[in-house]
Amino acid sequence: MTASHDASARLDPHHEIADIDRRLFGGFVEHLGRHIYDGIFEPGHPSADDEGFRTDVIDLVKELGVSTIRYPGGNFVSGYRWEDGIGPKADRPRRLDLAWHSTETNEVGLHEFQAWLDRVGSELMLAVNLGTRGTQEALDLLEYANIDTRTEWTDQRAANGRETPFGVKMWCLGNEMDGPWQVGHRNADDYGKLASRTAKAMRMVDPGVELVVCGSSARSMPTFGSWERTVLEHTFDDVDFISCHSYYQEQGGNAQEFLASGVDMARFIESVVAIADTVAATKKSDKRIMISFDEWNVWYLHDDEGGQNDKPEEKGWPVAPRLLEDKYNALDAVVFGDLMITLLQHADRVRSASLAQLVNVIAPIMTEPGGPAWRQTTFFPFSITSRLAQGRAVRVPVSSATIATEKLGDVDALNAVATIDDEGVSLFVVNRSTTDAATLRVDLAPLVRALRREVAVVESHLLHDDDLYAANTLDDRERVGVRDAGASVDGEELSVALPAVSWAAIRLA
């Protein structure tokens, strides 16, 4: 029989973290595998609109609630010539994609992707190629995208069907340039100099852009820490954000270690903040560099022998091969929900984040060519959190049992955060224990006093399955979902029962 314990917390609206930047609920679309072709774009599909986009996928992306979408990569961008994706489709070249050993047809480029974004209601976040290209090509793209004065590039934009600028606000200065796998990989000193030159030049074209410099592609990278320091010493005055990337997976069947992934993410964020603020101190600056956590997810990249699944099975250079199509289970979704809690807990410095990725490729949405689209288990914590987490984030320290992990030591079994807006309060909580259920009791007295009114539960969602490895598949697309958590308020106390390995979201009004 599963053991159970009591846990307690206090929800005080004065324990404010920060206002939530809606860009925290961003996504990521890369030219990779079946993400675009056979994913969001399938002209022959029964649901396709007049531009070839699957409307069933559009509906799911809108339900998911992604605010901004980073594009076109990812590793792909370090070999991408953006000009290949503009102009008449019949004239666009087919290119080899070295990042994912595939052939890129360039049927979807900047104009088509913006048209898709207009349909899903998300904003564009562009990455420039600082792998095989440099400052001039970044300036050309910025001019094409954002300038309304007549120039050769803006005349081309108009000829390609868009008189008005795209008005892209947020730009990434390359991608994962610390990684030896990256086309055009550089050391921190060389990349920092290139990023600084490019950032300065881009601001000469459009002073209003927000720029993201590449941080480490993982906390486990051997250059982590020294990379951030060196890059920021070069770019501190030129950029607004430094990126973090992190992926998590269960390894060796150790679900308990996997469930503590949020702790690792928190330490990653706090380390990068400390480095950025150290650079600020040495420069005697009050400026604060923010974090763009623009790649995060559960990703089963490595097998138990350390191999990787990032190359297509087909020989040659296939078009849109099945790549990185992870099937997510209930355990993955609970860890995923905890990662979202962690991002909200650091909303004062994490001002942008991008779930990597959206469709078919390590994604919350799956499709079958000519067939259905469906929600993976990770869809639910993202869509619910994106919808309910409004206003400002508030700390909710939980007093609970601890669980032992090999890599991270003893960690709290329960983790929580709240958000408060003009309409109500949302509480998000996870039970990381693989063995023990918990009953969480939350003292609402400070909240009730601040609001000068009683509160009641209006929504209550629980993600849990007795089979941790249950998943939604083509043959059983609704095997895992969310149910009512049964949360209730008695006077000034909220209580909710949390099974082992569960995530819950509760809305109070």
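Further up the page is the structure itself.
Draft legend 1. Region of interest: the overall build of the protein chain. Check the secondary structure of the protein chain and you find 11 helices and 26 strands. Computed over its C-alpha atoms, the radius of gyration of the protein chain comes to 23 Å, within 12% of the 23 Å expected for a compact globule of 509 residues. C-alpha atoms of the protein chain, sized along the principal axes, occupy 65 × 60 × 50 Å. Across the protein chain, contacts joining residues at least 24 apart in sequence account for 77% of those joining residues at least 6 apart. Carbon and sulfur atoms make up 46% of the accessible area of the protein chain, which totals about 19,500 Å².

Draft legend 2. Region of the structure containing the side chain of Q256. Position of Q256 among the secondary structure elements: in helix α7 (residues 255–259). You can call Q256 buried: its relative accessible area is 14%. The contacts of Q256, once residues within four sequence positions are left out, are I403, A404, T405, R432, S433 and T434.

Draft legend 3. Representation of a nonpolar patch on the surface. A surface patch of nonpolar side chains, amounting to about 300 Å² of accessible area, comprises L96, L98 and W317. Within the secondary structure, W317 is located in the loop between β11 (290–298) and α9 (330–345).

Draft legend 4. Spotlight on the pairing of strand β21 (residues 436–443). Strand direction decides the pairing type here: strand β1 (residues 3–10) and β21, joined by 8 bridges, are parallel. Among the inter-strand pairings, D6 is bridged to a residue of β21, identified as T439. Relative to strand β25 (residues 493–498), β21 runs antiparallel, the two being bridged by 6 bridges. Bridging from a neighbouring strand, L440 pairs with V496 of β25.

Draft legend 5. Quick peek at the nonpolar core. Core analysis: the biggest nonpolar cluster contains 128 residues, and F113, W116, W171, L173, Y191, F293 and W296 have the highest contact counts within it. Ranked by residues supplied to this core, first place goes to α9 with 10 residues. The residues touching W171, leaving out its near neighbours within four places in the chain, are L126, V128, L141, L142, A145, N146, M202, V209, E210, L211 and V212. Of all hydrophobic cores here, the second largest spans 35 residues; its members include A7, V411, L440 and A485.

Draft legend 6. A look at the packing of aromatic side chains. Counted by the stated rule, this structure contains 14 aromatic pairs. With 3.9 Å between their ring centres and 10° between their planes, Y71 and F113 make a pair best called stacked. Taken together, the residues span a long stretch of sequence, with Y71 in strand β4 (residues 68–71) and F113 in helix α2 (residues 110–120) at a distance of 42 residues. A relative accessible area of 2% means that Y71 is categorised as buried. The class of F113 is buried, set by a relative accessible area of 0%. Ring geometry for W296 against F336: centres 4.8 Å apart, planes inclined by 40°, an arrangement best described as tilted.

Draft legend 7. Spatial organisation of helix α8 (residues 261–282). Given a rise of 1.5 Å per residue, 22 residues ought to cover 32 Å, and the 32 Å separating the end C-alpha atoms of α8 matches this to within 8%. Trailing α8 by a residue or two, K284 shows a phi angle of about 55°, which is positive.

Draft legend 8. View of the sheet that holds strand β19 (residues 414–420). With antiparallel pairing, 7 strands are arranged side by side in an open sheet as β2-β15-β19-β20-β26-β22-β23. Looking at which strands have only one partner, the edges of the open sheet turn out to be β2 (16–19) and β23 (483–484). Relative to β23, strand β22 (residues 457–463) is paired through 2 bridges, and the arrangement is antiparallel. Looking across to β23, one finds that L462 is bridged to R483. Set on the sheet, α9 makes contact with β2, β15 (392–395), β19, β20 (425–431), β22 and β26 (502–508); between it and β19 the angle comes to about 55°. Those strands touched by helix α10 (residues 379–388) are β19, β20, β22 and β26, and its axis lies near 160° from that of β22.

Draft legend 9. Broad picture of the pattern of salt bridges. In total, this model carries 32 salt bridges according to the counting rule given. The partner of R10 in a salt bridge is D443, with the nearest N and O atoms 2.6 Å apart. Of this pair, R10 sits in strand β1 while D443 sits in strand β21, and the two are 433 residues apart along the sequence. What makes D443 partly exposed here is its relative accessible area of 26%. Ionic pairing is found between E295 and R70, a salt bridge with its closest N-O pair at 3.1 Å. Here R70 lies in strand β4 and E295 lies in strand β11, a separation of 225 residues in the sequence. The exposure classification of E295 matches that of R70, with both residues buried. Each of R34, R322, E325 and E368 takes part in one network of salt bridges that share partners.

Rules behind the numbers
- Note on numbering: residues in each chain are counted from 1, in written sequence order.
- The predicted nature of this model means local features are confined to residues of pLDDT at least 70 and side-chain atom pairs, given and counted, to a pLDDT of 80 or more, with totals for whole chains, interfaces and linings taken over all residues.
- Heavy atoms throughout the structure, all of them, feed into the side-chain values; hydrogens and water do not.
- To qualify as a helix, a DSSP run of H or I must reach at least 4 residues; to qualify as a strand, a run of E must reach at least 2; elements of each kind are numbered from the N terminus.
- Both definitions apply: the radius of gyration is a C-alpha atom measure, and the globule rule equals 2.2 Å times residues to the power 0.38.
- Only heavy atoms matter for contacts: two residues are in contact if any of them lie within 4.5 Å across the pair.
- Here the accessible surface of atoms and residues is derived via Shrake-Rupley with a 1.4 Å probe, and residues count as covered only by protein chains that are part of the display.
- Remark: exposure states derive from per-residue accessible area (1.4 Å probe, protein chains only) relative to the maximum for the residue type, with buried under 20%, exposed over 50%, and partly exposed in between.
- Candidates for patches are residues over 30% relative accessible area with no salt bridge; among them, like charges are joined within 9 Å and nonpolar side chains (Val, Leu, Ile, Met, Phe, Trp, Tyr) within 5 Å.
- Every case where a carboxyl oxygen of Asp or Glu lies within 4 Å of a side-chain nitrogen of Lys or Arg is listed as a salt bridge.
- At least two bridges found by DSSP between two strands are what make those strands a pair.
- To define a nonpolar core, start from buried Ala, Val, Leu, Ile, Met, Phe, Trp, Tyr and Cys residues and group those joined through side-chain atoms within 4.5 Å.
- Aromatic pairs are defined between Phe, Tyr and Trp rings, using the six-membered ring for Trp, whenever the two ring centres lie within 6.5 Å; interplanar angles under 30 degrees are classed as stacked, those over 60 as edge-to-face, and all others as tilted.
- A helix is expected to span 1.5 Å multiplied by its residue count minus one.
- For helices, the fitted line uses only the C-alpha atoms of the stretch in contact; every axis is such a line through C-alpha atoms, and the angle between N-to-C directions lies from 0 to 180 degrees.

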